[in-house]
Amino acid sequence: MSSIISPRQETPPGLRLAIAALKTQAQQIGRLVGEVEALCAPHALADPDSPVLAEIVRRNVPRWHFAMLNDAERNTALTEALRRRIPPGSVVLDIGAGTGLLAMAAVRAGAAHVYTCEENPLLAEIARQTIAGHGMSDAVTVLGKRSTELEVGRDLERRVDVLVSEIVDCGLIGEGLLPSVRDARARLLAPGGLMMPVAARLYGQLIESETVVGLNRVTGAGGFDVSLMNTAATRGHFPVRLGTWPHRALTEPRELVAFDLASGELGPGSRTLPFTATADGEAHALVTWFAMDLGGGITLRNAPQNTASHWMQALLLLDKPLALSAGQSTDIELSWTDTTLAVS
């Protein structure tokens, strides 16, 4: 007599999670299809107050764009760096158009023409209309694609004189700064062309904080083991406004790695970094921030003390707490891919 085993019982738990993830993705695709059908109804496309359009916009334009555009320190630093560094009559490529802010600032600084690329079609159209509203459409070309898809002779008339690439997250590299600059510098920038930014450095220190661990890990809740939720935890670095959470510094800040954006290799890598404890405690995470050299004597920072910056700090959780005694030295390995920081 053979027993009957349901397909669910035969399927390994890990595979069931993967199938559930695909089903979730399929649900999202189904919702998108329904929204497209709703927008294609008579007069719907011309209605800017359509709730369907509002939902699409909400999902596809990250909220941090608003904080970024209202970051006066960032905007002033970038526009002033462009004013100081753009050679009159130059051709500029701006990677990551957003609203077209930096492209328009480059024109105002003296550029003859600016190409600005944006892979998000909605943001690209916002940039086109914003640029047109300022009467700069003849001086700025918005290209609706990634910089790695651009070709000289097709998208650009020639290699550009200046490359602007302010595409950074809290951990500097999360938006693809390294591969984008690596590619554009080799294919799209004229020999001897100018870069902005020209370099960037990551800094960090070890901290003790069970609270910040709980921002991306869980074991129990209400007397139940819910650790399977860690399947959905962020791998690598994630943003945290360090000053809002209880924590204690266990080491002094130190430089972690420097990136020469003008001529460095900018590939994945790793470094073993010695830290000396300044207090007894358990290290739970490495918190990092950047200093981005825009050239012209201007640097942008998102250090924990700079609460005005819209960029938070980047948190990298250790695999398990590390017991430290004041004066003790310990080695931490920092590694990075094209888009992610990791620590062990």
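See above for the structure.
Reading guide: rules and limits
Residues numbered from 1 in each chain as written. Predicted model: local features only at pLDDT ≥ 70, side-chain atom pairs only at ≥ 80, totals over all residues. Heavy atoms only, no water. Helix = DSSP H or I, 4+ residues; strand = E, 2+ residues; numbered from the N terminus. Buried < 20%, exposed > 50% of the residue type's maximum accessible area, 1.4 Å probe, protein only. Lys, Arg positive; Asp, Glu negative; His and termini not counted. Charge placed at Lys NZ, Arg CZ, Asp CG, Glu CD. Contact = heavy atoms within 4.5 Å. Phe/Tyr/Trp six-rings, centres within 6.5 Å; stacked < 30°, edge-to-face > 60°. Lys NZ or Arg CZ within 6 Å of the ring centre and 35° of its normal.

Novice: Pulling in residues and values, what's your account of the overall build of the protein?
Specialist: For the protein, the count of helices and strands is nine helices and 17 strands. With 344 residues in all, the protein has 42% of them scored as buried. Averaging the coordinates of the 30 positive side-chain charges in the protein and doing the same for the 37 negative ones gives two points 1 Å apart.

Novice: Residues and numbers for unusual backbone geometry, please.
Specialist: Residues Met196 and Pro197 are joined by a peptide bond in cis, for which omega reads 0°. In the Ramachandran plot, Leu172 falls in the positive-phi region, its phi being about 80° despite a non-glycine side chain. Mapping Leu172 onto the fold places it in the loop between β4 (160-164) and α8 (177-187). Its identity is not glycine, yet Leu266 carries a phi of approximately 60°, on the positive side. Tracing the backbone shows Leu266 in the loop between β11 (254-260) and β12 (269-276).

Novice: Would you mind going over the environment of Ser137 in detail, with residue names and values included?
Specialist: Examined against the element boundaries, Ser137 turns out to sit in the loop between α7 (121-133) and β3 (140-143). A relative accessible area of 41% means that Ser137 is categorised as partly exposed. Distance in space between the C-alpha atoms of Ser137 and Val114 is 9.9 Å, their sequence separation being 23 residues. What Ser137 contacts, discounting residues up to four positions off in sequence, is Ile131 and Ala132.

Novice: Describe the packing of aromatic side chains, listing the residues and the values that go with them.
Specialist: Enumeration over the complete set of coordinates arrives at two aromatic pairs. Aromatic side chains Phe259 and Trp336 sit 5.7 Å apart centroid to centroid with 85° between the ring planes, which places their arrangement in the edge-to-face category. Of this pair, Phe259 sits in strand β11 while Trp336 sits in strand β16 (residues 329-336), and the two are 77 residues apart along the sequence. Like Trp336, Phe259 is buried. Consider the rings of Phe290 and Trp311, whose centres lie 5.3 Å apart with planes at 75°: the pair is edge-to-face. Taken together, the residues span a long stretch of sequence, with Phe290 in strand β13 (residues 281-295) and Trp311 in the loop between β14 (298-301) and β15 (313-324) at a distance of 21 residues. Summarising the burial analysis for this pair, Phe290 and Trp311 share the class buried. For the cation-ring pair, Arg254 lies above Phe275, with the distance from its terminal atom to the ring centre recorded as 5.9 Å.

Structural measurements only, silent on function.
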